[in-house]
Structure formats: structure tokens, C-alpha cells
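So the chains spell out like this:
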Amino acid sequence: MIISVASGKGGTGKTLIATSLALSLANGVQFLDCDVEEPDAHILLKPAFSQRESVSIPIPRVDEEKCTHCGRCAEVCAYNAIAVLKTQVLIFPELCHGCGACSYLCPEDAISEVGREMGLVEKGCSGEIEFIQGKLTIGQAVAPPVIRKVKEYIDPQRIAIIDVAPGTSCPAVEAVKGSDFCLLVTEPTPFGLNDLILAVEMVRSMNIPCGVIINRTGVGDSGVEEYSLKEGIPILLRIPLDVQIARLYSQGIPLVEGMPQWREAFLELFADIEQAALLQHIEMVLDE
Ligand code: SF4
Ligand code: SF4
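First, a word on scope: everything that follows refers to the structure included in this document.

Rules of the game
- Along each chain, the written sequence defines residue order, and numbers are assigned to residues from 1.
- Written order determines the labels here, with chains lettered from A and ligands numbered from 1.
- Note on the predicted model: pLDDT of at least 70 is required for a residue's local features to be given, and 80 or more for side-chain atom pairs to be given and counted; whole-chain, interface and lining totals, by contrast, use all residues.
- Only hydrogens and water are set aside when side-chain values are computed; all heavy atoms of the structure are taken into account.
- The rule is simple: take the accessible area with a 1.4 Å probe, protein chains only, and divide by the maximum for that residue type; under 20% is buried, over 50% is exposed, in between is partly exposed.
- Helix and strand assignments come from DSSP, with helices taken as H or I runs of at least 4 residues and strands as E runs of at least 2, each series counted from the N terminus.
- For the handedness criterion, the strands are oriented away from the viewer, and a crossover whose path from the first strand over the helix to the second runs clockwise is classed as right-handed.
- Residues are classed as near a molecule or strand on a simple rule: at least one heavy atom within 4 Å of it.
- For this classification, Asp, Glu, Lys and Arg are treated as charged, while Ala, Val, Leu, Ile, Met, Phe, Trp, Tyr, Cys and Pro are nonpolar and the rest, including Gly, are polar.
- We define a salt bridge as a contact between a side-chain nitrogen of Lys or Arg and a carboxyl oxygen of Asp or Glu at a distance within 4 Å.
- Between the N-to-C directions of two axes lies an angle of 0 to 180 degrees, each axis being a line fitted to C-alpha atoms and, for a helix, fitted only over the stretch in contact.
- Throughout this description, any angle smaller than 35 degrees is read as roughly parallel, any larger than 145 degrees as roughly antiparallel, any in the 65 to 115 degree range as roughly perpendicular, and the remainder as oblique.
- Crossing handedness follows the turn of the near helix against the far one: under a right angle anticlockwise gives a left-handed crossing, and clockwise gives a right-handed one.
- By definition in these notes, contact holds between two residues if any of their heavy atoms fall within 4.5 Å.
- Nonpolar cores were defined as sets of buried Ala, Val, Leu, Ile, Met, Phe, Trp, Tyr and Cys residues, with membership established by side-chain atoms within 4.5 Å.
- Two rings from Phe, Tyr or Trp (for Trp, the six-membered ring) form a pair when their centres sit within 6.5 Å of each other. Planes less than 30 degrees apart are called stacked, planes more than 60 degrees apart edge-to-face, and all others tilted.
- When DSSP finds at least two bridges between two strands, those strands are taken to pair.

### Some details on the pairing of strand β9 (residues 181-186)
When a strand is regular, its side chains alternate between the sheet's two faces. Most of β9 is tucked away, with 6 of its 6 residues classed as buried. Neither face of β9 is open: one carries Phe-181, Leu-183 and Val-185, the other Cys-182, Leu-184 and Thr-186, and all of them are buried. After leaving β9, the chain enters helix α7 (residues 190-205) and then returns to the sheet as strand β10 (residues 210-217), a path that is right-handed.

### Some points on the site of ligand 1
Near ligand 1 you find Cys-67, Thr-68, His-69, Cys-70, Gly-71, Arg-72, Cys-73, Val-84, Cys-106, Pro-107, Glu-108 and Ile-111, and these make up its full shell. Tallied by class, residues from the shell around ligand 1 come to 7 nonpolar, 3 polar and 2 charged.

### Details of the pattern of salt bridges
As enumerated under the stated definition, the model contains 16 salt bridges in all. Its salt-bridge partner being Asp-35, residue Lys-14 comes within 3.8 Å of it at the nearest N-O pair. Taken together, the residues span a long stretch of sequence, with Lys-14 in helix α1 (residues 14-25) and Asp-35 in the loop between β2 (30-33) and α2 (41-45) at a distance of 21 residues. The class for Lys-14 is buried, based on a relative accessible area of 6%. A salt bridge links Glu-53 to Lys-149; its shortest N-O distance comes to 3.4 Å. Residue Glu-53 is located in strand β3 (residues 48-62), and its partner Lys-149 is located in helix α5 (residues 144-151); the two are separated by 96 residues in the primary sequence. Assessed through its relative accessible area of 25%, Glu-53 is described here as partly exposed. Take Lys-149: its relative accessible area is 21%, and that puts it in the partly exposed class. Salt bridges here are not isolated pairs; linked through shared partners, they connect Lys-9, Glu-187 and Arg-216.

### Let's talk about the packing of α7 against helix α8 (residues 223-231)
Here α7 crosses α8 at 25°, and the two axes come no closer than 9 Å. Our classification of the angle between α7 and α8 gives roughly parallel. Considering how the two elements wind past one another, α7 and α8 form a crossing that is right-handed. Note on element contacts: α8 touches α7 through Gly-223, Val-224, Tyr-227, Ser-228 and Glu-231, opposite Gly-192, Leu-193, Leu-196, Ile-197, Val-200 and Arg-204. Class assignment for the residues of the contact of α7 with α8 results in 6 nonpolar, 3 polar and 2 charged.

### A closer look at the nonpolar core
Leu-32, Ile-162, Val-176, Cys-182, Leu-184 and Val-203 are the most contacted members of the largest nonpolar core, which has 42 residues in total. Here the element with the most residues in this core is α7; it accounts for 6 residues. In this structure Val-176 touches Ser-4, Ala-6, Lys-151, Val-164, Cys-182, Met-202, Val-203, Met-206 and Ile-208, once residues within four positions along its chain are discounted. Judged by nonpolar contacts, the second largest core, of 35 residues, contains Ile-3, Leu-16, Ile-161 and Val-185.

### Brief notes about the packing of aromatic side chains
Taken as a whole and assessed by the stated rule, the structure comprises 3 aromatic pairs. Between Phe-49 and Phe-131, the aromatic rings sit 5.9 Å apart at their centres with planes inclined by 65°, giving edge-to-face as the arrangement. Placement of the pair is Phe-49 in strand β3 and Phe-131 in strand β7 (residues 129-136), with a sequence separation of 82 residues. One aromatic cluster in this structure is built from Phe-31, Phe-49 and Phe-131.

### As for unusual backbone geometry
Phi is positive for Ala-26, close to 50°, though the residue is something other than glycine. Residue position: Ala-26 is located in the loop between α1 and β2. Classification of Ala-26 by relative accessible area gives buried; the value is 16%.

### So, the pairing of β2
Burial along β2 is two-sided: the face carrying Gln-30 and Leu-32 and the face carrying Phe-31 and Asp-33 are both buried. Of the pairings in the sheet, the one linking β2 to β7 comprises 4 bridges and is parallel in character. The partner of Gln-30 across the bridge, within β7, is Glu-130. Looking at chain direction, β2 and strand β8 (residues 160-163) are connected through 4 bridges and run parallel. Note that in β8 the partner of Gln-30 across the bridge is Ala-160.

### A few points about the packing of α1 against helix α11 (residues 263-287)
For any two helices packed against each other, one specifies the inter-axial angle together with the distance between the axes. The interhelical angle for the contact between α1 and α11, taken along N-to-C directions, is 95°, at an axis separation of 9 Å. By the angle class used here, α1 and α11 are roughly perpendicular. Facing α1, whose interface residues are Ile-17, Ser-20, Leu-21, Leu-23, Ser-24 and Leu-25, α11 presents Arg-263, Phe-266, Leu-267, Leu-269, Phe-270 and Ile-273. Here the residues of the contact of α1 with α11 sort into 9 nonpolar, 2 polar and 1 charged.

Rendered as C-alpha cells:
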């Protein structure tokens, strides 16, 4: 089962939830940190890395001898990574996603491909948890190829927990894609509600069952509760605003290790995820 842990904005406690769930289930779980621009789950899980692999994508290179400057490559590039001038073709490698469309469709066979390093995938263990993280190279703007590489390690026979980049743009979509269930972590504030609505739209557009976790309850308002009820999205866990929880996090101590009484709540959360995933899946099939 693949469970992604996402949030419409940063700083909601997404990594705290993802690591606590992984540590509570522990035995044989895979943890994938797909927040590749800023992977930080390793601070809490402290894995020992044993394997490193670089990630590169194919970037086009134009043979000006063959090129007729027809403009086809620029037309098919969905990312504006090519501009064709009268006597020259300009490539913008930092915008290229390595999709290969330009070289495939060039009528003169004038485009070859060269590798460009985008980042790194590191693999190791944190106790009984298999830990994999992606790291985008500084200065690179295209995260999905690194995220895809991290996700290649998912073993469908095991439970995989994915820590997703905050927001609802390409990196978040790429990380959530293919999940059996998505946990949406938010705060009970108008900002939290606004970003939750965007995150719900994202997972619903991908037909992925979801549930909400409200972090730092006791502040803000009831907007998130009312919205979730109205939309029929289960609230699977509420975590109060608590100085001790914040202190543990700032010290790099996972919640369920510093406060073991939370372990049971995360085991119950997993049981609720399984049930909610099944129910929502049945509803989706009936709606089709
Ligand atoms: S499609 Fe090929 S021939 Fe046409 S402009 Fe691009 S590189 Fe040149
Ligand atoms: S490989 Fe894809 S993204 Fe890159 S320049 Fe060619 S068409 Fe654009």
C-alpha cells in the first residue's frame, strides 16, 4: 500500500506525521522522502546510507549542419525549453524536462541527447525502515525526474510512505501520483483551509482517496472541520498545539519516540486509512 503525506503549504507538520506513521508501523516499511528540494525526514529518522545514485535526464543537442530551422522542436516543447531563430536553435537546459519529444519529432534527425545531472537518490536503513530520499542539485528547477527515480524503489508488496513536497504544483503531483491513499495535513486556520481546498482538488483530480489530519488544534477556527464534513472527507487524526511536541521536533526527536503514548494513535491511523481507502475506492467505482 502506498500512502502519500501531503500538505497545501509548508510548515504544517507533514514530515512529523509521515515519520511517526513509519516508526509506528516500522517492520519492513519503506519511507520515501520525495520533498527533493528540501528533504528533511532524515533529521528525524537518522538513516545510515549505503547506496547513492545520480539522476540525469536527456537534454537535446542540435546539429546545426542538419537543422533547417523549421521550428517543429519549439512547437512540440511543452516547457518552452527551445527557441528557434532564423539561423540558430537555442536550448534552455534548466527548463528542459527530458521528455524526448523534440528529438523524436525533428524531421531532419538533427537532435541528439546528452545527459544532464539533476540530483541524487540515496538509499539506506533507519532501524527496520528502508529509507530512500531524493535530492535535487542546487540550481536545478525540475524536480519530477528525481522524484520518479525515488519512486522506482517502491516495493508493491510493502507499505510505502511518501513525504511529498508542500504545495500543489508539479513536484507534489508527481509524488502523490499512484498512491493508494493521500493524507492531507493542515492547520485549523483560514490559511490552512485555503491550502487544504487546493490539495483536495489535486488528489480528487487524480482519483486518489484522501483523509485530513489537523495539526496544532486548539488555535484558529472550525473552518477546516466544517469543510471536511461538507466534502465528506474523514478527519483521521487531530494533534494539539503542544510545546513538548514542538520542542521534540526542533531537537530532531520523532514524536512517537519522545512521546511513545502517540504510537497507538498512529497504529489506529493506519487502520483508519485502510478502511477509508476501501470505502472511497468503492464510492469512486460506483460513481463511474
Ligand atoms: S525540429 Fe529539427 S530541423 Fe527543425 S528547428 Fe528543430 S532541430 Fe532544427
Ligand atoms: S526534451 Fe522535451 S522538454 Fe526538453 S527541450 Fe525537448 S521537448 Fe522540450
